[in-house]
Amino acid sequence: MMMMVLPPDARLMTDLRMYLKTDKYIKRSQSTGSNETHKRILYDKGQQNIERKRLMIMQFQRLLSESSVYMNGTAHPVSNTSDGKTKVVNAFQDLVRLAYPNLRMLGTTVFTEDTVRNVLHQHGDILLGGSDQNLSEAETEILGFVNRRKRASERTSLADIRDYFARKPYGWYALAVWTLIGMLYKKGKIEAEQESEELDAQGLLNALFNNRWYAN
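Residues numbered from 1 in each chain as written. Predicted model: local features only at pLDDT ≥ 70, side-chain atom pairs only at ≥ 80, totals over all residues. Heavy atoms only, no water.

A word on the overall build of the chain
Then comes step 1: Along the chain, the regular secondary structure elements total 8 helices and 5 strands.
Then comes step 2: Along the chain direction, N to C, the helices and strands of the chain fall in the order β-α-α-β-β-α-α-α-α-α-β-β-α.
Then comes step 3: Taking 216 residues into account, the globule formula puts the C-alpha radius of gyration at 17 Å, and the chain, at 28 Å, lies well above it.
Then comes step 4: Counting only C-alpha atoms, the chain reaches 85 × 40 × 35 Å along its principal axes.
Then comes step 5: Expressed as a percentage of the 216 residues in the chain, the buried residues total 33%.
Then comes step 6: Counting only contacts in the chain whose residues sit at least 6 apart along the sequence, the fraction spanning at least 24 positions is 64%.
Then comes step 7: Entry remark: accessible area of the chain is about 14100 Å², with carbon and sulfur atoms responsible for 52%.
Then comes step 8: For the chain, the distance from the average position of its 30 positive side-chain charges to the average position of its 25 negative side-chain charges is 12 Å. (Helix = DSSP H or I, 4+ residues; strand = E, 2+ residues; numbered from the N terminus. Rg over C-alpha atoms; globule rule 2.2 N^0.38 Å. Buried < 20%, exposed > 50% of the residue type's maximum accessible area, 1.4 Å probe, protein only. Contact = heavy atoms within 4.5 Å. Areas by Shrake-Rupley, 256 points an atom, 1.4 Å probe, with all protein chains shown as cover. Lys, Arg positive; Asp, Glu negative; His and termini not counted. Charge placed at Lys NZ, Arg CZ, Asp CG, Glu CD.)

Here you go:
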């Protein structure tokens, strides 16, 4: 859980209450008949409230940039910035890293459908099949999961792998998992079957892009 505590600002709270009261009064008064003078007053009050809102937003942004960040009940340092939105984004990035420490195993690669296709379409020595020393940390995690289930005589489906690595401490998204499975397949570390028939690279690629097959 993350919480951002803004510095106290009595003036801002006064303006906020005034804004809400004025907005409520204008809406209520507009629903009843009124003369031109009253309408003009309501218009002027409305314009003043628009300006009040603009200034409050600027003040909230400033206070947000000066806010204290707490994660899991503990103060958490966040890099200084004069922009409140940037501070929120930075804080959430820290929260994700805290909640999913193994997310770092994916590195900086952005995994897409093309990433999956490129891996399964590779040929030759580029994948260096054979030695476990050629496996990345993320690949090793998936292979270990599959092997643990195999030793327990448990069948492992694509859905099993996807769901396991989507949870803490991983937080891996599906296309990243499918790419890693493709790497393990091309390196000869895992086999893929459907209806007891072994799949080739194209068959596995088709399965990875068809969620109706994930449980099979």
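Details of helix H2 (residues 36-65)
Then comes step 1: Here H2 is 30 residues long and its end C-alpha atoms lie 44 Å apart, about the 44 Å a rise of 1.5 Å per residue gives.
Then comes step 2: Taken together, the buried positions of H2 are Leu42, Gly46, Asn49, Met56, Leu63 and Ser65.
Then comes step 3: In this fold, the buried residues of H2 make contact with helix H1 (10-30) and helix H3 (84-99). (Expected span 1.5 Å × (residues − 1).)

Quick look at a negative patch on the surface
Then comes step 1: Among the surface-exposed residues, Glu191, Glu193, Glu198 and Asp200 lie close enough to one another that they form a single negatively charged patch.
Then comes step 2: Looking at the secondary structure, you find Asp200 in the loop between strand S5 (197-198) and helix H8 (201-208). (Patch = residues over 30% accessible without salt bridge, like charges linked within 9 Å, V, L, I, M, F, W, Y side chains within 5 Å. Salt bridge = Lys/Arg side-chain N within 4 Å of Asp/Glu carboxyl O.)

Looking at the pattern of salt bridges
Then comes step 1: Scanning the entire structure with this criterion turns up 15 salt bridges.
Then comes step 2: Between Arg62 and Glu66 there is a salt bridge, with the nearest N and O atoms lying 2.9 Å from each other.
Then comes step 3: Of the residues examined, Arg62 reaches a relative accessible area of 35% and is grouped as partly exposed.
Then comes step 4: Between Asp94 and Arg97 there is a salt bridge whose closest N-O contact spans 2.4 Å. Placement of both Asp94 and Arg97 in helix H3 is noted, with a separation of 3 residues, approximately one turn of the helix.
Then comes step 5: Overall, the relative accessible area of 18% leaves Asp94 in the buried class.
Then comes step 6: Among the charged side chains, a salt-bridge network with shared partners connects Asp9, Arg62 and Glu66.

As for unusual backbone geometry
Then comes step 1: In this chain, Lys168 is followed by Pro169 through a cis amide linkage whose omega measures 5°.
Then comes step 2: Mapped onto the secondary structure, Pro169 falls in the loop between helix H6 (158-166) and helix H7 (174-186).
Then comes step 3: We note that Asn72 has phi near 55°; this positive angle belongs to a residue other than glycine.
Then comes step 4: Along the chain, Asn72 turns up in the loop between strand S2 (68-71) and strand S3 (74-75).
Then comes step 5: Look at Asn72 and you get exposed, because its relative accessible area is 54%.
Then comes step 6: Positive phi is not limited to glycine here, since Glu195 has a value of about 55°.
Then comes step 7: By the element assignment, Glu195 lies in the loop between strand S4 (193-194) and S5.
Then comes step 8: By relative accessible area, Glu195 is classed as exposed at 60%.

Take it as geometry only, folks, not as evidence of what the structure does.
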